[in-house]
Amino acid sequence: MGNTAMERLKNKLRRMTDSAFLKPFLLLNLMLNIGLDWGGFPALAFYMHTILEEVKAPVDPYWMAVILAAFRSVVCVGLSFILIKAPRRKMYLMSGSIVAVALFMQSAFAFLSPYLTDEIMVYARWIPLLAIFIQYLGFGLGWGAIMYMLQGEILPSDMRSFGCGLIGILDNIALFLAVKSIPILISNIGVGGMFSIYCVLVLITLTVGFFVMPETKGMSLEDIEDFYSAMRKKNVTTDQKSMSEKV
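Figured I'd write up the structure that's included with this text. Small disclaimer: the values here were computed from a predicted structure and weren't measured. Every residue gets a number counted from 1 within its own chain, in the order that chain's sequence is written. Only residues with pLDDT of 70 or above have their local features reported here, since the model is predicted, and side-chain atom pairs are shown and tallied only from 80 upward, although totals for entire chains, interfaces and linings are computed over all residues. In computing side-chain values, all of the structure's heavy atoms are included and hydrogens and water are not.

### Details of the overall build of the protein
Right, on to step 1. Every helix listed is a DSSP run of H or I at least four residues long, and every strand listed is a run of E at least two residues long, numbered separately from the N terminus. Looking only at helices and strands, the protein features 10 helices and 0 strands.
Right, on to step 2. Scanning the protein from its N terminus toward the C terminus, one meets helices and strands in the order α-α-α-α-α-α-α-α-α-α.
Right, on to step 3. Between buried and exposed lies partly exposed: a residue is buried under 20% and exposed over 50% of the maximum accessible area for its type, with that area taken using a 1.4 Å probe on protein chains only. Within the protein, buried positions represent 42% of all 247 residues.
Right, on to step 4. All accessible-area figures derive from a Shrake-Rupley calculation using a 1.4 Å probe, and residue coverage is judged against the displayed protein chains alone. For the protein, the computed accessible surface area is about 13500 Å², with 69% contributed by carbon and sulfur atoms.

Here it is in structure tokens:
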């Protein structure tokens with residue numbers, strides 16, 4: 001019994017270092033723990049009142065939270081019908097681009113608002129609110145959902161439950177760190193600096209996703225697993241060929 005349990009543990013550890021598991025696992029962690037948790041959404045969820053006061057938004061922060069929650073619910077439910085039929089990769093890259101634009105708007109306004117005249121500020125003060133709605137539009141278009149859809153698609157079948165559980169643990173750690181860092185970032189580099197960091201991290205996630213994220217729409221789970229297995233075999237063949245040429 002003990003030997004069997006030890007063998008299962010060794011096999012699990014061996015599979016964790018297999019590229020067929022490691023590559024999709026790292027991609028999902030990047031998408032969730034960096035692109036989402038460090039993409040400005042925890043800041044809006046936990047510190048919206050502070051952020052709106054810092055940028056002097058012309059609305060009551062508490063009412064804004066209610067309106068935003070309603071908007072987010074409508075967007076997520078309404079756009080879910082599009083996500084079912086739309087290509088995963090295209091929707092993820094498009095929604096991420098929308099989120100990056102919204103974060104850039106927040107950052108640019110926070111940095112430039114002290115230099116704007118009162119006449120311009122009459123209209124410009126609505127920019128942070130517009131950016132928040134744009135950011136949650138990107139969330140509803142797939143930035144907040146597609147990585148969860150991919151968890152059940154690109155992880156190997158024998159490691160899926162283990163991988164999803166481990167991703168969930170790492171997600172909680174990343175979310176905790178992201179939330180706890182918000183007041184530190186605001187006090188040291190301001191709202192503009194904080195949103196600049198979020199924008200850069202989202203752009204990094206988009207760049208990596210552009211090169212390594214597969215399109216799973218229309219593929220069976222077996223086809224997706226074969227895709228990563230084929231990549232592993234290709235890499236092994238390339239390494240063997242390089243070694244033989246050196247010899």
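### Focus: helix H7 (residues 127-143)
Right, on to step 1. For H7, a buried count of 12 out of 17 residues is recorded, marking the element as mostly surrounded by other parts of the structure.
Right, on to step 2. Among all positions of H7, only Pro128, Leu129, Ala131, Ile132, Gln135, Tyr136, Gly138, Phe139, Gly140, Leu141, Gly142 and Trp143 are buried.

### Focus: the side chain of Ser95
Right, on to step 1. For Ser95, the location among the structural elements is in helix H5 (residues 88-112).
Right, on to step 2. Looking at Ser95, the relative accessible area reads 0%, which means it is buried.
Right, on to step 3. Every residue pair with non-hydrogen atoms within 4.5 Å of one another is taken to be in contact. With near-sequence residues (within four places) excluded, Ser95 lies in contact with Gly138, Leu141, Gly142 and Trp143.

### Concerning the packing of aromatic side chains
Right, on to step 1. Pairing of aromatic rings covers Phe, Tyr and Trp, the last counted by its six-membered ring, and requires centre-to-centre distances within 6.5 Å; plane angles under 30 degrees mean stacked, over 60 mean edge-to-face, and any other angle means tilted. The final tally for this structure, using the stated rule, is 9 aromatic pairs.
Right, on to step 2. Ring geometry for Phe195 and Tyr198: centres 6.0 Å apart, planes at 85°, overall edge-to-face. Of this pair, Phe195 and Tyr198 both sit in helix H9 (residues 160-212), 3 residues apart, which is roughly one turn of the helix.
Right, on to step 3. Look at Phe195 and you get buried, because its relative accessible area is 0%.

### A closer look at the nonpolar core
Right, on to step 1. Counting residues in each nonpolar core, the largest one holds 56 residues, and the members touching the most others are Ile51, Tyr92, Trp143, Met194, Phe195 and Tyr198.
Right, on to step 2. If you list the elements that add at least two residues to this core, you get helix H2 (19-36), helix H3 (41-54), helix H4 (61-85), H5, helix H6 (118-124), H7, helix H8 (146-154) and H9.
Right, on to step 3. The dominant element in this core, judged by the number of residues it contributes, is H9, at 12 residues.
Right, on to step 4. Those residues in contact with Trp143 that sit more than four places away from it in its chain are Gly35, Leu36, Phe41, Tyr92, Ser95, Gly96, Val99, Gly138, Val202, Thr205 and Leu206. Buried residues of nine kinds, namely Ala, Val, Leu, Ile, Met, Phe, Trp, Tyr and Cys, make up a nonpolar core once their side-chain atoms join them within 4.5 Å.

### Considerations on the pattern of salt bridges
Right, on to step 1. For salt bridges, the criterion is a side-chain nitrogen of Lys or Arg within 4 Å of an Asp or Glu carboxyl oxygen. Considering all chains together, one arrives at 1 salt bridge under this definition.
Right, on to step 2. Between Glu153 and Arg88 there is a salt bridge, with the nearest N and O atoms lying 3.0 Å from each other. Taken together, the residues span a long stretch of sequence, with Glu153 in helix H8 and Arg88 in helix H5 at a distance of 65 residues. For the pair Glu153 and Arg88, one class covers both residues: buried.

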